[in-house]
Amino acid sequence: MTTANLRPPTTSVNYIVGAWALLMALTFLAWWLGGEHGVATLGLKAVDAVILVLAFGKMAVVSHVFMEQRLAAPWLRASFAVWYLVVGGGLVALYLG
Amino acid sequence: MTGTTIASEPRNTTPLAGPGHDGPGGRERAQTGWVPGEVGIWGFILTDMTGFAVYFLVFAYQRTQQPAVFAHGRRLTDLSAGVINTFLLLTASLFVALAVHYIREGRSATSKAMLLGTGVCGTGFVANKYFEWGAELATGRTPLSDNFFQLYYVLTGIHLLHVLVALIVVVYLWRMAARVRNLPTARQLRFIENGASYWHMVDLIWLGLFALFYLTS
């Protein structure tokens, strides 16, 4: 199995913990939106779309920071970007359709 | 991977530097081809994610066919359990990322402590899922109830299997971290990055399941 580069990146602890705090905050927001408040504020379809966008945004944070893709080969970042666009776009289209 | 093989690997004696960060040439590396762990693990992860992509889209399509059934099912799932499990997996991922960070610095004991935290959070996820499913089944909501609950049990069940595998992987990561003296060898680091990437994938997939089964209408 090939490994392109054996010298790993170094990421500060603050950056990693900051990403986690952001993920937790976005989860709280999605939780709030998923309850009655969100529907009353935005309407059903809009809430669904926002929740899905938030979910895929959180996935992007996980891959960008925790999976260290911000430092990884372009093909790897592109693979995940395609996955987000196809799956996220498909879900939003099906939910709004 | 054996201890003999690991011991025969050259040990790094200076801090590692990498893409976009502390060492010379880092930015260039980011442009050319560094990946966490091995290329093979990413092939595996992307294949697994493709499978879940199909599951997600099938769920959304089925929802368009039976909107009332899915809306009713979604209202019956335990949102609090879903939120708790999301917090547990996100925190487990935090611990894994920190474990990788500390092992690169050669701080084996701290890395092991982080992996222990991962294990605790992951076990908490499994326990919470056990109680959540138990409560659902006790009220008569089974995989045979309707299309929503069939997908609910199948998809979260497949994900639960991934969590169980990831927990076993974490045990191996802990054992590998325990073998690190000074700085990790390239082989040790690849092993730990492979396992960490798998764990993060399990976390990432859960974020999608959480949105579909607990949050959307």
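Because the structure is a prediction, the values reported are computed rather than measured.

So, how was this worked out
Residues numbered from 1 in each chain as written. Chains lettered and ligands numbered in written order. Predicted model: local features only at pLDDT ≥ 70, side-chain atom pairs only at ≥ 80, totals over all residues. Heavy atoms only, no water. Helix = DSSP H or I, 4+ residues; strand = E, 2+ residues; numbered from the N terminus. Buried < 20%, exposed > 50% of the residue type's maximum accessible area, 1.4 Å probe, protein only. Contact = heavy atoms within 4.5 Å. Polar contact = N/O pair within 3.5 Å; in protein donor to acceptor, adjacent residues only side chain to side chain. Axes fitted to C-alpha atoms, helices over the stretch in contact; angles between N-to-C directions. Parallel < 35°, antiparallel > 145°, perpendicular 65-115°, else oblique. Nonpolar A, V, L, I, M, F, W, Y, C, P; charged D, E, K, R; others polar. Salt bridge = Lys/Arg side-chain N within 4 Å of Asp/Glu carboxyl O. Buried area = accessible area lost by both parts, 1.4 Å probe.

Asks: Explain the overall build of chain B to me, using residue names and the numbers behind them.
Replies: Assigned secondary structure in chain B consists of eight helices and zero strands. By residue count, 56% of the 217 residues in chain B fall in the buried class. The contacts in chain B between residues at least 6 apart in sequence include a share of 80% that link residues at least 24 apart.

Asks: Got a sec to walk through the side chain of Ser93 of chain B? Specific residues and values, please.
Replies: Residues and elements named next belong to chain B. In this structure, Ser93 sits in helix α5 (residues 79-104). Taking relative accessible area as the criterion, Ser93 reaches 0% and is therefore assigned buried. Engagement of the side chain of Ser93 in a polar contact is seen with the side chain of Asp203, the distance being 2.8 Å.

Asks: Could you give an account of the packing of helix α4 (residues 74-96) of chain A against helix α8 (residues 186-215) of chain B, naming the residues involved and the relevant values?
Replies: Orientation of α4 of chain A relative to α8 of chain B, taken along the N-to-C sense of each, is 5 degrees, at an axis distance of 13 Å. If you check the angle between α4 of chain A and α8 of chain B, you find them roughly parallel. Judged by residue contacts, Phe80, Trp83, Tyr84, Leu91 and Tyr95 of chain A of α4 of chain A engage Leu204, Ile205 and Leu212 of chain B from α8 of chain B. Grouping the amino acids of the contact of α4 of chain A with α8 of chain B by side-chain chemistry returns eight nonpolar, no polar and no charged.

Asks: Which residues make up the pattern of salt bridges, and what values go with them?
Replies: Applying the stated criterion across every chain yields a total of six salt bridges over all chains. The salt bridge partner of Asp48 of chain A is Arg63 of chain B, with a shortest N-O separation of 3.4 Å. One end of the pair, Asp48 of chain A, is in helix α3 (residues 44-66); the other, Arg63 of chain B, is in helix α3 (residues 39-65), on a second chain. An identical accessibility class is assigned to Asp48 of chain A and Arg63 of chain B; each is buried. A single network of salt bridges, built from pairs that share partners, joins Glu68 of chain A together with Arg104 and Glu193 of chain B.

Asks: Describe the interface of chain B and chain A, and please don't skip the residues or the numbers.
Replies: Opposite the 63 residues of chain B that make contact, chain A presents 53 residues. When the two sides are added together, the surface that chain B and chain A hide from each other amounts to roughly 5,300 Å², 72% of it contributed by carbon and sulfur. For the chain B face of the interface with chain A, the top three residues by lost area are Trp34, Phe87 and Leu204 of chain B, together amounting to 12%. Elements with a contribution of two residues or more to the side of chain B that touches chain A: α2 (26-32), α3, α5 and α8 of chain B. Take the side of chain B that touches chain A: its biggest share by element is 16 residues, from α8 of chain B.

Asks: Which residues make up unusual backbone geometry, and what values go with them?
Replies: Even without glycine at this site, Glu68 of chain A takes up a positive phi of about 65 degrees. Along the chain, Glu68 of chain A falls in the loop between α3 and α4. What makes Glu68 of chain A buried here is its relative accessible area of 8%. Positive phi values are uncommon outside glycine, yet Asn182 of chain B reaches one of about 55 degrees. Take Asn182 of chain B: its relative accessible area is 60%, and that puts it in the exposed class.

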